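Survey of secondary and tertiary structure
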Amino acid sequence: MNVDARYRLGWIAVALLFCLAAALLYVDFVRFRAGTGVAYGRAAIGAPAPDVLLVTLDGHARRLSTFFGRPLVVNFFATWCEPCKAELPLVESRYVAARASGLTVLGVDQQEGPHEVRAFAAAHGVTYPIVIDTGPAVEAYGINAIPATLFIDASGGLRAV
């Protein structure tokens, strides 16, 4: 196959991928507008939030459900993630402003060591609780990019991702 034919074939493949992406985006948009089929991993908006096992910074296992009972914001992040660092001051300020009215914020680090996460939290002035996800939370909630934030109501229902 000559170079010109490979070049054309490459552009055809790119065009087909863009068409596929547009079709998938359209399907998601239709489902979102209809209010049905909006699911993330095992989690679905309006359904009970999946209970996953997380690890505290001191190495103890803790279930996400132990944070239910108050409105809960779950923020997935990693210490190396620049957008995560950029949103930290906003998340922290909202937590400080709303914790007296019952809001809980939980930071969920993605598979890093407790020493590194503790140092990161201290350096950025994070005062809300932080846990480490070893994988089940991102799988259950279908998180494929960070930062990502969940909103769980006081009864444990997932309201938004």
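Scope of this entry: the structure provided in the associated data block. (Residues numbered from 1 in each chain as written. Predicted model: local features only at pLDDT ≥ 70, side-chain atom pairs only at ≥ 80, totals over all residues. Heavy atoms only, no water.)

So, on to unusual backbone geometry. With omega at 0 degrees, the peptide bond leading from I146 into P147 counts as cis. Located in the positive-phi region is Q111, a residue other than glycine, with phi close to 60 degrees.

All right, on to the packing of aromatic side chains then. Using the criterion set out here, one finds 3 aromatic pairs in the structure. Between the aromatic rings of Y7 and W11, the centroid separation amounts to 6.4 Å while the plane-to-plane angle is 75 degrees, which identifies the pairing as edge-to-face. Here Y7 and its partner W11 are both found in helix α1 (residues 3-34), 4 residues apart, which amounts to about one turn of the helix. On the basis of relative accessibility, which here comes to 51%, the residue W11 falls in the exposed class. (Phe/Tyr/Trp six-rings, centres within 6.5 Å; stacked < 30°, edge-to-face > 60°. Helix = DSSP H or I, 4+ residues; strand = E, 2+ residues; numbered from the N terminus. Buried < 20%, exposed > 50% of the residue type's maximum accessible area, 1.4 Å probe, protein only.)

What follows covers the state of the cysteines. Applying the stated rule across the entire model yields 1 disulfide. Across the disulfide from C81 sits C84; the S-S distance is 2.4 Å. Linking C81 and C84, the disulfide has an S-S dihedral of approximately 75 degrees and is accordingly described as right-handed. (Disulfide = S-S within 2.5 Å.)

What follows deals with the pattern of salt bridges. Scanning the model with the defined rule gives 4 salt bridges in all. For the salt bridge of D51 with R63, the shortest nitrogen-to-oxygen distance reads 3.9 Å. You can see D51 sitting in the loop between β2 (43-44) and β3 (53-56) and its partner R63 sitting in strand β4 (residues 61-63), a full 12 residues away along the chain. D153 is the partner of R159 in a salt bridge, and the nearest nitrogen-oxygen pair spans 2.7 Å. Judged by its relative accessible area of 45%, R159 is partly exposed. With relative accessibility at 18%, the residue D153 sits in the buried group. (Salt bridge = Lys/Arg side-chain N within 4 Å of Asp/Glu carboxyl O.)

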